[in-house]
Amino acid sequence: MHFLCLYQGPSQLVVQQCLCALCVKCGGILSAPSGNISSPNFPGLYPYNIDCSWLIVVAEGSSVLLTFHHFELEYHTSCAYDYIKIYNGISEDEGNLLGTFCGDISPPQFTSSWNVMSIIFHSDRHVAHRGFSVGYRKGNWLDLM
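The structure reproduced in this document is the subject of the present report. (Residues numbered from 1 in each chain as written. Predicted model: local features only at pLDDT ≥ 70, side-chain atom pairs only at ≥ 80, totals over all residues. Heavy atoms only, no water.)

Focus: the sheet that holds strand S10 (residues 116-123)
And then number 1: Strand order in the open sheet made by the 5 strands is S3-S5-S10-S7-S8, with mixed pairing throughout. Edge positions in the sheet fall to strand S3 (28-30) and strand S8 (97-101), since each of these pairs with one other strand and no more. This sheet shows a mean twist of 15° between the axes of neighbouring strands, independent of strand direction.
And then number 2: Here S3 pairs with strand S5 (residues 50-57) via 3 bridges, running parallel. Its bridge partner being in S5, Ile-29 is matched across the sheet by Leu-55. (Pairing = 2+ DSSP bridges. Helix = DSSP H or I, 4+ residues; strand = E, 2+ residues; numbered from the N terminus. Axes fitted to C-alpha atoms, helices over the stretch in contact; angles between N-to-C directions.)

A word on the nonpolar core
And then number 1: Membership of the largest hydrophobic core comes to 23 residues, with the highest contact counts inside it found for Leu-66, Ile-84, Phe-121 and Phe-132.
And then number 2: Listing elements by their share of this core, those giving two or more residues are S5, strand S6 (62-72), strand S7 (83-87), S10 and strand S11 (131-140).
And then number 3: Setting aside residues up to four positions removed in sequence, Phe-132 forms contacts with Ile-37, Ser-38, Ser-39, Phe-42, Trp-54, Phe-68, His-70, Phe-71, Ile-84 and Phe-121. (Core = buried A, V, L, I, M, F, W, Y, C linked by side-chain atoms within 4.5 Å. Buried < 20%, exposed > 50% of the residue type's maximum accessible area, 1.4 Å probe, protein only. Contact = heavy atoms within 4.5 Å.)

Re unusual backbone geometry
And then number 1: Here the amide bond leading from Phe-42 into Pro-43 is cis, since omega sits at 10°, within 30 degrees of zero.
And then number 2: For Pro-43, the position within the fold is in the loop between strand S4 (34-38) and S5.
And then number 3: Positive phi is not limited to glycine here, since Asn-49 has a value of about 55°.
And then number 4: Structurally, Asn-49 can be placed in the loop between S4 and S5.
And then number 5: Judged by its relative accessible area of 48%, Asn-49 falls in the partly exposed class.

With respect to the environment of Cys-52
And then number 1: Note that Cys-52 resides in strand S5.
And then number 2: With 12 residues separating them along the chain, Cys-52 and Pro-40 place their C-alpha atoms 9.0 Å apart.

What about the state of the cysteines?
And then number 1: Taken as a whole and assessed by the stated rule, the structure comprises 2 disulfides.
And then number 2: Put simply, Cys-79 and Cys-102 are joined by a disulfide, and their sulfur atoms are 2.2 Å apart. Sign of the S-S torsion, about -80° for the bond between Cys-79 and Cys-102, identifies this disulfide as left-handed. Residue Cys-79 is located in the loop between S6 and S7, and its partner Cys-102 is located in the loop between S8 and strand S9 (110-111); the two are separated by 23 residues in the primary sequence. Each member of the pair Cys-79 and Cys-102 is classed as buried. (Disulfide = S-S within 2.5 Å.)

Focus: the environment of Pro-33
And then number 1: Mapped onto the secondary structure, Pro-33 falls in the loop between S3 and S4.
And then number 2: Its relative accessible area of 53% is what places Pro-33 among the exposed residues.
And then number 3: Placed 105 residues apart in sequence, Pro-33 and Lys-138 show a C-alpha to C-alpha distance of 5.1 Å.
And then number 4: Once you skip the residues sitting within four places of it in the chain, Pro-33 turns out to touch Tyr-136, Arg-137 and Lys-138.

What about the side chain of Asn-115?
And then number 1: As for its position among the elements, Asn-115 is in the loop between S9 and S10.
And then number 2: Under the relative-accessibility criterion, Asn-115 is labelled buried at 12%.
And then number 3: Within the local environment of Asn-115, its side chain forms a polar contact with the backbone oxygen of Val-58, the two atoms lying 2.9 Å apart.
And then number 4: Not counting chain neighbours up to four residues away, the residues in contact with Asn-115 comprise Ile-56, Val-57, Val-58, Ala-59, Glu-60, Ser-62 and Val-64. (Polar contact = N/O pair within 3.5 Å; in protein donor to acceptor, adjacent residues only side chain to side chain.)

Here you go:
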């Protein structure tokens, strides 16, 4: 869905066509043994000003294996603008943070140490790229050894 957005530019008000971030549905709880997650509108440009949170929960006694297929976010040396955060468990615990990623180099493959993994996606209000596509599947504890 496209709308006209109004925001304050450096010297004037700017009107441009944009996507309504409030209208974009993203995130959720995923409990299937495998699946795919992608940024809103993928492979098109992701919307500005959006926050998505996915919680992946597989069977107890299993791990979550995460593999990125495509990754293209706005780059910043400290990933201050658009980023993905990956957590070994729930995202409310910063001690579980596995990494914060941006730019166009795909994050490595991840294996959780228990049956829960979280992905947070954030975009700011300026630059948009194609975003990401990532697959997950249930693994066995033997995959960790």
